[in-house]
Amino acid sequence: MAPATQGPARTVPAWWQAAPFTLVFVLFFLIPLALIVMVSFWDFNEYELIPAFTLRNYVSVFEGCSALTDHGDFCVTLSTYLSTLKFSFLVWLITLVLGFAVAYFLAFHVRSPGMQTLLFVLCTVPFWTSNVIRMISWVPLLGRHGLVNQGLMGLGVVDEPVEWLLFSDFSVVLAFVHLYTMFMIVPIFNSMMRIDRSLLEAASDSGASGWQTLWNVIVPLCKTGIIIGSIFVITIVMGDFVTIGVMGGQQIASVGKIIQVQTSYLQFPLAAANAVILLAVVLMIIWGLTRLVDIRKEL
């Protein structure tokens, strides 16, 4: 007798497979987000939160924004968002240039996979310590009596210490670039490693110069990595308050810093309203970036 054939193996339904991930997503993202939105509509006083619906928190955020002040300045909220967007744009632009250059060097100029891995690991060295320690390490370099000022004065470049090196917009941008360039390098490097090298050879055989190949072949094929890296950098900088607090000497305002101050004064509904507005702004930026390339299709 022929052996009986076994029936098809029973498979776990797709919704059961997705259930653990869905549960994690709901518990650690949707529920906290829903709580923040709910609290943003609560009232509060100096002593307690009052679970009563009110729009007072959102009105307070945009107080004075209906018109310019007597001095022609924007209201505090708009000024803070403009300052935060300025930092995000500068950091995005610098990290994009640096990240693309480093990824290009690793992908196309380093031939040995072992050397690629070694150099890539070296790029992660800053992540081996905490952000605060990495930021504090700039103080003895950029301070009024730091190594940079001493070197400039010793060379006769300046007669007195340069004040804007530390606790300024420059130091904040420098710290951001130091901390988050890696978030731009990784996705761009991943996109470059997936490029078929025969395309580069075809461009060269067609008479394209190195810059033409870079602009017309490599950059279009790296759009996905560029957009993903941009989303990482912009969203992190928009919500950051530690870097701006430390490197700005507590003198530079940002949306994240305002939320942190409000929570320290137990103004949780007001902080939640600011967080919801910040989330809406970040989501609009992400939506605009994802219109440039279909990330799901490219991945």
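It should be emphasised that the depicted structure is a prediction, and the values quoted were computed from it without experimental measurement.

Student: I tried to follow unusual backbone geometry on my own but got confused; where do I start?
Tutor: The phi angle of most residues is negative, glycine excepted, and most peptide bonds adopt the trans form. The phi dihedral of Phe-167 is positive, around 55°, even though this residue is not glycine. When you line up the elements, Phe-167 lands in the loop between helix H7 (147-154) and helix H8 (169-193). Phi angles above zero are rare outside glycine, and Leu-266 is one such case at about 60°. Secondary-structure assignment places Leu-266 in the loop between helix H13 (255-264) and helix H14 (268-290).

Student: Would you take a moment to explain the pattern of salt bridges for this structure?
Tutor: A side chain with one charge may pair with a side chain of the opposite charge, provided their charged atoms come close. Within the structure shown, the criterion is met by three salt bridges. Between Arg-56 and Asp-43 there is a salt bridge, with its nearest N and O atoms 2.6 Å apart. With a gap of 13 residues between them, Arg-56 in helix H2 (residues 56-61) and Asp-43 in strand E1 (residues 43-44) connect regions that are remote in the sequence. Close ionic contact of Asp-169 with Lys-86 constitutes a salt bridge, the shortest N to O distance being 2.8 Å. With a gap of 83 residues between them, Asp-169 in helix H8 and Lys-86 in helix H3 (residues 76-109) connect regions that are remote in the sequence.

Student: How should the environment of Leu-179 be read in this particular structure?
Tutor: Position of Leu-179 relative to the elements: it lies in helix H8. Taking the C-alpha atoms as reference points, Leu-179 and Pro-51, 128 residues apart in sequence, are found 39 Å from one another. When neighbours within four sequence positions are excluded, Leu-179 is seen to be in contact with Phe-127, Asn-131, Arg-134, Met-135 and Thr-243.

Student: I tried to follow the packing of helix H4 (residues 113-123) against H8 on my own but got confused; where do I start?
Tutor: In helix packing, the relevant descriptors are the interaxial angle and the interaxial distance, both defined with respect to the helix axes. Axis separation between H4 and H8 bottoms out at 11 Å; the angle between their running directions is 160°. Considering the angle they form, H4 stands roughly antiparallel to H8. When H4 is examined against H8, the residues Gln-116, Phe-120 and Cys-123 are found in contact with a partner set consisting of Met-182, Ile-185, Val-186, Phe-189 and Met-193. Residue classes in the contact of H4 with H8 are distributed as seven nonpolar, one polar and no charged.

So, how was this worked out
Residues numbered from 1 in each chain as written. Predicted model: local features only at pLDDT ≥ 70, side-chain atom pairs only at ≥ 80, totals over all residues. Heavy atoms only, no water. Helix = DSSP H or I, 4+ residues; strand = E, 2+ residues; numbered from the N terminus. Salt bridge = Lys/Arg side-chain N within 4 Å of Asp/Glu carboxyl O. Contact = heavy atoms within 4.5 Å. Axes fitted to C-alpha atoms, helices over the stretch in contact; angles between N-to-C directions. Parallel < 35°, antiparallel > 145°, perpendicular 65-115°, else oblique. Nonpolar A, V, L, I, M, F, W, Y, C, P; charged D, E, K, R; others polar.

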